[in-house]
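Structural overview
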Amino acid sequence: MSIKEFVKRHQGMRDERIVAETNKIYKKGFLALTFGLLVFFTYDTMRSQVAFVNGLSDTVEVSLSLMILYAWLFVVVLACALASTLKGFVDDGRFAETDYFPAGYFALWSFCAALGSGFAVALLRALAEFELVGASGIMWAADAVLGFSFSILIFLACYANFYLAFRAAKRRRETLALRFED
Amino acid sequence: MGGTKNVRLKVARVESGLSQADLASAVGVTRQTIGLIEAGGYNPTLNLCITICKVLNKTLNDLFWEERE
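Below is a short write-up of the structure. (Residues numbered from 1 in each chain as written. Chains lettered and ligands numbered in written order. Predicted model: local features only at pLDDT ≥ 70, side-chain atom pairs only at ≥ 80, totals over all residues. Heavy atoms only, no water.)

When its volume is computed, the largest pocket comes out at roughly 2,300 Å³. Leu31(A), Thr34(A), Leu38(A), Val77(A) and Asn161(A) are, among the 41 residues lining the largest pocket, the residues nearest its centre. Put simply, the parts of the chain that give the lining of the largest pocket at least two residues each are helix H2 (16-53), helix H3 (64-87), helix H4 (103-133) and helix H5 (140-180) of chain A. Considering every element that reaches the lining of the largest pocket, the biggest residue donor is H2(A), with 11 residues. Each residue belonging to the lining of the largest pocket can be placed in one class, and the counts come to 30 nonpolar, 8 polar and 3 charged. Taken together, 15 residues form the lining of the second largest pocket, with Thr4(B), Asn6(B), Ile37(B), Phe64(B) and Glu66(B) sitting closest to its centre. Listed by contribution, the elements that provide at least two residues to the lining of the second largest pocket are helix H1 (7-15) and helix H5 (60-64) of chain B. (1 Å grid on protein atoms, 1.4 Å probe; cavity = no way out; pocket = protein on both sides within 12 Å on 5 of 7 lines; lining within 4 Å. Points joined across faces, edges and corners; volume = space filled by probe spheres on them. Helix = DSSP H or I, 4+ residues; strand = E, 2+ residues; numbered from the N terminus. Nonpolar A, V, L, I, M, F, W, Y, C, P; charged D, E, K, R; others polar.)

Counting residues at the interface gives 6 residues for chain A and 11 residues for chain B. Carbon and sulfur atoms supply 52% of the area that chain A and chain B bury against each other, a total of about 640 Å² over both sides. The three residues of chain A that bury the most area against chain B are Asp15(A), Glu16(A) and Arg17(A), which together make up 79% of that side's buried surface. If you look at where chain A meets chain B, you find 0 salt bridges. Put simply, chain A and chain B have 6 residue pairs in polar contact (both at pLDDT 80 or more) between them. Among the residues making up the side of chain A that touches chain B, the classes are represented as 2 nonpolar, no polar and 4 charged. (Contact = heavy atoms within 4.5 Å. Buried area = accessible area lost by both parts, 1.4 Å probe. Salt bridge = Lys/Arg side-chain N within 4 Å of Asp/Glu carboxyl O. Polar contact = N/O pair within 3.5 Å; in protein donor to acceptor, adjacent residues only side chain to side chain.)

As a further point, take the nonpolar core. All names here are of chain B. Formed by 14 residues in total, the largest nonpolar core has its most connected members in Leu9, Leu23, Val27, Ile34, Ile52, Leu56 and Leu63. Only H1, helix H2 (20-27), helix H3 (31-39) and helix H4 (46-56) provide two or more residues apiece to this core. The element that contributes the greatest number of residues to this core is H4, accounting for 4 residues. Contact partners of isoleucine 52, with chain neighbours within four places excluded, come to Leu9, Leu23, Val27, Ile34, Ile37, Leu63 and Phe64. (Core = buried A, V, L, I, M, F, W, Y, C linked by side-chain atoms within 4.5 Å. Buried < 20%, exposed > 50% of the residue type's maximum accessible area, 1.4 Å probe, protein only.)

Now for the side chain of Thr98(A). Residues and elements named next belong to chain A. In this fold, threonine 98 is placed in the loop between H3 and H4. At 3.1 Å, the side chain of threonine 98 forms a polar contact with the backbone oxygen of tyrosine 100. Not counting the four nearest positions on each side in its chain, threonine 98 is found in contact with Phe166 and Arg173.

What follows is about the environment of Ser2(A). Residue and element names in this part refer to chain A. Mapped onto the elements of the fold, serine 2 is located in the segment before helix H1 (3-11). Looking at serine 2, the relative accessible area reads 35%, which means it is partly exposed. Here glutamate 5 takes part through its backbone nitrogen, which lies 3.2 Å from a polar atom of the side chain of serine 2.

Here the focus is the packing of aromatic side chains. Residue and element names in this part refer to chain A. The full count for this structure, using the stated rule, is 11 aromatic pairs over all chains. A ring pair is formed by phenylalanine 106 and phenylalanine 166, whose centres lie 6.5 Å apart and whose planes are at 65°; its orientation type is edge-to-face. Taken together, the residues phenylalanine 106 in helix H4 and phenylalanine 166 in helix H5 connect sequence positions 60 residues apart. Each member of the pair, phenylalanine 106 as well as phenylalanine 166, is classed as buried. Site record: aromatic cluster; members linked through ring pairs are Phe95, Phe101, Tyr105, Phe106, Phe155, Tyr159, Phe162, Tyr163 and Phe166. (Phe/Tyr/Trp six-rings, centres within 6.5 Å; stacked < 30°, edge-to-face > 60°.)

As structure tokens, this is what we get:
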């Protein structure tokens, strides 16, 4: 008997409702945790850069433990994206399994992501400046330009990612359909 | 709880002389899940519907099919 079977046998039957509810709870937790880590990483990066620009630090340093955390977050998010693509979808809305690429829908999502991240970057940069050099040291215009540039980058990255993932998922759906055909 | 109450399930269970806990135990879920299905608060999977039907000796139509009004 494998360890998996042993654990399963001792767990007994699992209530499907509890499993479903637990999954929903953990989904929200995963999203909140990912969001929090992204905010933390962004703020940490901004803080290091502001310290360097203002001569408070000689280098823009990132500790090994933080780099491991960065890498771990990247791997986990990538694994989730790959897992859903392998199942044949990139979204759980009404365009989840359409034959054509829903350009407007994904443009809207990319725009929302770009807007949110652009604002977040500008605000976190301003916050880092406030923390390190005070209110007079906040460069609002520069922060806004940085946020705007970042949002354009995020928009393009998100849209390209959605397009490539959609194509990969569609190919995967076709493979799965062939497998389950009579 | 946005679903419709499943009175037929409740009636069938009572007719079989089972409590919610008995039925829950027989189909491998918790008593709360049976309570929620009867109250319309949980939409069970087809597998669970079939298991419930087998335990209560009913068909899916008897317990879960809703006629159009």
